[in-house]
Amino acid sequence: MRILKASEDYLEAMLMMQEKHGYIRSIDLAEQLGVTKPSVSYATKRLRENGYITMDDNRYITLTETGMAIAKSIYERHKLLTDFLIRLGVDEQTAREDACKMEHDISEQTFDAICAHAKQVRE
């Protein structure tokens, strides 16, 4: 289920927006991700073509089952990695930024090892 980092960022942002506002709009995505409206249009077109999202007549975005699974996976990685880095002593802002970079690039094996270690530390 590997897709491009940018697509993962969009799906994650969509999930966060859905949880916060109850809806997803392209204009809000552009603002949240700090990208242009044409960039969002291009990305959402690709995400629709690949079956990750749908858009209704009012241009509201809905994550498909596949899109939701990817978004949840990336978001969970982000939250766990942020928490892990903060527990290591990294300030919250830096931890969030670094977690965003790491969530896409580390292997499942490394992520699983971090999860196991974090779980041991909490017990």
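Remember, predicted model here, so these are calculated numbers, not experimental data.

Chemist: Looking at this model, I keep getting lost on the overall build of the chain. Mind explaining?
Modeler: Summing up its helical and strand segments, the chain has 6 helices and 2 strands in all. Ordered by position from N to C terminus, the α and β elements of the chain give α-α-α-β-β-α-α-α. Overall, the chain is about 50 × 25 × 25 Å in size when its C-alpha atoms are taken along their principal axes. Classification of the 123 residues of the chain by burial places 36% in the buried group. Carbon and sulfur atoms form 50% of the exposed surface of the chain, whose accessible area is close to 7,800 Å². Treating the 17 positive side-chain charges of the chain as one cloud and the 21 negative ones as another, the clouds have centres 3 Å apart.

Chemist: I tried to follow the packing of helix α2 (residues 26-33) against helix α3 (residues 37-49) on my own but got confused; where do I start?
Modeler: Between two packed helices, the angle of one axis relative to the other and the distance separating the axes together describe the packing. Relative to each other, α2 and α3 sit at 115°, their axes nearing to 9 Å. By the angle between their directions, the pair α2 and α3 is classed as roughly perpendicular. The chirality of how α2 crosses α3 is right-handed. Between α2, through S26, I27, L29 and A30, and α3, the contact on the second element is made entirely by K37, V40 and T44. Among the residues forming the contact of α2 with α3, the class breakdown is 4 nonpolar, 2 polar and 1 charged.

Chemist: Would you mind showing me how to read the nonpolar core here?
Modeler: A general feature of soluble globular proteins is that nonpolar side chains tend to end up buried together. Counting residues in hydrophobic clusters, the biggest one holds 21 residues, and the most contacted among them are L11, M14, L29, I53 and L63. With 6 residues, the single largest contributor to this core is helix α1 (residues 5-21). Ignoring sequence-local partners within four residues, the contact set of L63 consists of L11, M14, L15, I24, Y52, I53, M68 and A71. The next biggest cluster of nonpolar side chains, apart from the first, holds 9 residues, and it includes L85, A95, I106 and I114.

Chemist: Would you mind going over the packing of aromatic side chains with me for this structure?
Modeler: By convention here, two paired aromatic rings are described through the distance between centres and the angle between planes. Per the stated rule, a full pass over the model turns up 1 aromatic pair. Plain terms: the ring middles of Y23 and Y60 are 5.9 Å apart, the flat faces sit at 90° to each other, and that makes the pair edge-to-face. With Y23 in the loop between α1 and α2 and Y60 in the loop between β1 (53-55) and β2 (61-63), this pair connects stretches of sequence that are 37 residues apart. What makes Y23 partly exposed here is its relative accessible area of 33%. For Y60, a relative accessible area of 34% corresponds to the partly exposed category. Between the NZ or CZ atom of R77 and the centre of the ring of F111, over which it lies, the distance is 4.6 Å.

Reading guide: rules and limits
- Residues numbered from 1 in each chain as written.
- Predicted model: local features only at pLDDT ≥ 70, side-chain atom pairs only at ≥ 80, totals over all residues.
- Heavy atoms only, no water.
- Helix = DSSP H or I, 4+ residues; strand = E, 2+ residues; numbered from the N terminus.
- Buried < 20%, exposed > 50% of the residue type's maximum accessible area, 1.4 Å probe, protein only.
- Areas by Shrake-Rupley, 256 points an atom, 1.4 Å probe, with all protein chains shown as cover.
- Lys, Arg positive; Asp, Glu negative; His and termini not counted.
- Charge placed at Lys NZ, Arg CZ, Asp CG, Glu CD.
- Axes fitted to C-alpha atoms, helices over the stretch in contact; angles between N-to-C directions.
- Parallel < 35°, antiparallel > 145°, perpendicular 65-115°, else oblique.
- Left-handed = near helix turned anticlockwise from the far one by under 90°.
- Contact = heavy atoms within 4.5 Å.
- Nonpolar A, V, L, I, M, F, W, Y, C, P; charged D, E, K, R; others polar.
- Core = buried A, V, L, I, M, F, W, Y, C linked by side-chain atoms within 4.5 Å.
- Phe/Tyr/Trp six-rings, centres within 6.5 Å; stacked < 30°, edge-to-face > 60°.
- Lys NZ or Arg CZ within 6 Å of the ring centre and 35° of its normal.

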